[in-house]
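Examination of the molecular architecture
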Amino acid sequence: MSDLTRLTISQARAKLRGKEITATEITEAYLSAIDRANPALNAYVAVTGDKARDMAKASDARLVKGEGGALEGIPLGIKDLFGTEGVHTQACSHVLDGFKPRYESTVTANLWADGAVMLGKLNMDEFAMGSSNETSYYGPVINPWRRSRLDTVVMPTTHQGDGGFVSAGGTRTQRSLDNAQLVPGGSSGGSATAVSAFLCAGATATDTGGSIRQPAAFTGTVGIKPTYGRCSRWGIVAFASSLDQAGPIARDVRDAAILLKSMASVDPKDTTSVDRPVPDYEAAIGKPIKGMKVGIPKEYRVDGMPEEIEALWQKGIAWLRDAGAEIVDISLPHTKYALPAYYIVAPAEASSNLARYDGVRYGLRVPGKDIVEMYEKTRAAGFGREVKRRIMIGTYVLSAGYYDAYYLQAQKVRNLIKRDFENVFAAGVDVILTPATPSAAFGIADEDMAADPVKMYLNDIFTVTVNMAGLPGIAVPAGLDPKGLPLGLQLIGRPFEEETLFQTAAIIEQAAGTFQPEKWW
Amino acid sequence: MSVDVKTVKRVARLARIAVSEEDAERMTGELNAILGFVEQLNEVDVSGVEPMTSVTPMDMKKRRDVVTDGNKAADIVANAPATEENFFLVPKVVE
């Protein structure tokens, strides 16, 4: 039998239901792939082998009886931000040392109710704060993609092939992988790497400013951040509550649609969960986009954007036009203010949400001479640099005398950003096409980004607007850059019109194909 | 606006994060870089604009005022670093 880890969720689903394979077989295949790859890629921070085997066994019993759920027997990885009962849940922070919740998040409970199998918990930036997965207490995740270069090799005249291109003069060009390690993006870097490197069939992720879409773009995977309120936030470690949304990272558009269908729900335990039935997202795939109005926002053409990103965007426009869509130029005038407004709103909410880590109720405690010293020492030892930086910014902008100048101003600007989108949608635009990121994946320990936190923040320049306005956005792989690294396009939709995103993303996928890294790990 | 080391130490105190002299110096530079970046928001004309209070236009869900959960003391203290008989233990706060 061929490698079961290579099956997409839709393929595995068919084979499981057809009794060609068992949940136990596919689960074992993933567990041994994780065993071999994790030392090199560091995607998992906890592997739940025994639990996975038990869940797979139960799935097999249901499959035999023909009672399988929508995800019966499908092995998934779970971002460490999701509360999973009795299982490592630390948001990849030291401050939550040893935390094993006594409850299950609504999103993961929905997945298990549909029969999915949990392989383990995935690495991420600490408290989802980061764009490279380098702020994790558990160390960086490595991108399975590497840069490659084209070498000209002189060939003996009798040989050719091996996947290279034969040229007229007896030479051929050959791609060889560069050894430099790249980041998978963040904060859902473990999810993106695990999906891209075939260490799970799909993964849960969360997105506060781009944390699903940027890593998806960096790893050639599909990631969707649904509309704010579509997935319950109950049981997910909170970062910035008005921006956080859960969503899947998957190998193709169909798999993302299958996963979102199970993750999304109406939840009385989350007051921001919206009372709307969850549609069958998969049914949107394959529908024509003839006559659909696609907006191209001029503000997303930023200074210093690499040529290949612009070229990719143009290719995307051409694919959608060829499929019958009407392309219209649009303006979202407050785009440039989204990132600065985000760096007030998100840290402000984070400083409040993270006040609970005080060494009393869970996780790490560092003793002090009195209770305040205990708080201060615990938080100093438990939080990493980026998290402290954001708590400090948030505390400052919310402190007496500064609230109006910073927080109130940012929340007003946020309404203007939202209004920009509303105007465009009111004018008949169905979906907006932009690049997903301003560059391809960059190197681990990039010196420029380490020296200036704002440089790292600029990674989210195209994705953060969507969180500020609460809209759905999907990143879909659209090609490779000249160094052989994946690049993604982003589609932004009207609130709760995720179906339009899947429908349109499927057209891009059909034109661009799917992308897998060459295995070196 | 920019912050000095003294302000950074005051904010760290408010945030209950112990900082060394060296940390405070480093954070001052980092915070000023971020505050410099967000400064551009001041050029936006927000006259007549309400601050956002709800991402999705919806009424906040309400539930009946009844007990739906509880009797989970053991679960609640299960992850605490120090407990005694379902109480959280903290350093002495009252003399």
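What you see is a predicted model; the values in this text were computed from it and never measured.

So, on to the sheet that holds strand β12 (residues 431–435) of chain A. All names here are of chain A. In spatial order, the strands read β1-β3-β2-β7-β9-β8-β13-β14-β12-β10-β11; together these 11 strands make up an open sheet with mixed pairing. A strand with exactly one partner marks an edge of an open sheet, and here the two such strands are β1 (44–47) and β11 (326–330). Pairs of neighbouring strands in the sheet enclose a mean axial angle of 30°, with direction left out of account. Bridge analysis of strand β2 (residues 75–79) against strand β3 (residues 117–122) gives 5 bridges, and the strand direction is parallel. Pairing of proline 75 across the sheet is with valine 117, part of β3. Running at roughly 155° to strand β7 (residues 202–207), helix α5 (residues 189–196) makes contact with β1, β2, β3, β7 and β9 (245–250) of the sheet.

Moving on to the UniProt feature "domain: Amidase" (unreviewed entry) in chain A. Residues and elements named next belong to chain A. Here, UniProt's "domain: Amidase" (unreviewed entry) annotation points to residues 25–149 and 179–501. Along residues 25–149 the backbone is 33% helical and 14% strand, and the end-to-end C-alpha distance reaches 37 Å. Annotation note: span residues 179–501, helix share 39%, strand share 15%, distance between end C-alpha atoms 36 Å.

This brings us to the nonpolar core. Residues and elements named next belong to chain A. Formed by 180 residues in total, the largest nonpolar core has its most connected members in Phe127, Leu199, Phe421, Leu433 and Phe502. Broken down by element, this core gets its largest block of residues, 10 residues, from helix α9 (residues 338–353). In contact with leucine 433, other than residues within four places in its own chain, are Val294, Gly295, Ile296, Pro297, Trp313, Gly316, Ile317, Leu320, Leu489, Gln490, Leu491 and Ile508.

What follows covers the domain arrangement of chain A. The domain boundaries assigned to chain A delineate domain 1 (4–143 + 186–281) and domain 2 (148–177). Taking only C-alpha atoms into account, the centre of domain 1 of chain A sits 41 Å from that of domain 2 of chain A.

Here we come to the interface of chain A and chain B. Each partner contributes residues to the interface: chain A has 70 residues there, and chain B has 51 residues. A combined buried area of about 5,400 Å² lies between chain A and chain B, and 70% of that area is made up of carbon and sulfur atoms. One can count 5 salt bridges joining chain A with chain B. For Asp275(A), the salt bridge goes to Lys61(B), with nearest N and O atoms at 3.9 Å.

There is about 1,100 Å³ of room inside the largest pocket. Looking at the largest pocket, it is lined by 35 residues, and the ones nearest its centre are Tyr103(A), Trp234(A), Gly235(A), Lys269(A) and Asp69(B). Only β9 of chain A together with α3 (73–77) of chain B provide two or more residues apiece to the lining of the largest pocket. Of the residues assigned to the lining of the largest pocket, the class counts are 14 nonpolar, 7 polar and 14 charged.

Cis geometry marks the peptide bond from Gly186(A) to Ser187(A), where omega comes out at 10°. You can see Ser187(A) is positioned in the loop between β6 (171–177) and α5. Phi angles above zero are rare outside glycine, and Asn133(A) is one such case at about 60°. As for its position among the elements, Asn133(A) is in the loop between β3 and β4 (148–154). With a phi angle near 60°, Asn86(B) is a residue other than glycine that sits in the positive phi range. Within the secondary structure layout, Asn86(B) lies in the loop between β1 (83–84) and β2 (87–88). Judged by its relative accessible area of 43%, Asn86(B) is partly exposed.

Reading the values: the criteria
- Residues numbered from 1 in each chain as written.
- Chains lettered and ligands numbered in written order.
- Predicted model: local features only at pLDDT ≥ 70, side-chain atom pairs only at ≥ 80, totals over all residues.
- Heavy atoms only, no water.
- Pairing = 2+ DSSP bridges.
- Helix = DSSP H or I, 4+ residues; strand = E, 2+ residues; numbered from the N terminus.
- Axes fitted to C-alpha atoms, helices over the stretch in contact; angles between N-to-C directions.
- Contact = heavy atoms within 4.5 Å.
- UniProt positions renumbered as here; feature names shortened; annotations may be inferred.
- Core = buried A, V, L, I, M, F, W, Y, C linked by side-chain atoms within 4.5 Å.
- Buried < 20%, exposed > 50% of the residue type's maximum accessible area, 1.4 Å probe, protein only.
- Domains from an automatic or database assignment.
- Buried area = accessible area lost by both parts, 1.4 Å probe.
- Salt bridge = Lys/Arg side-chain N within 4 Å of Asp/Glu carboxyl O.
- 1 Å grid on protein atoms, 1.4 Å probe; cavity = no way out; pocket = protein on both sides within 12 Å on 5 of 7 lines; lining within 4 Å.
- Points joined across faces, edges and corners; volume = space filled by probe spheres on them.
- Nonpolar A, V, L, I, M, F, W, Y, C, P; charged D, E, K, R; others polar.

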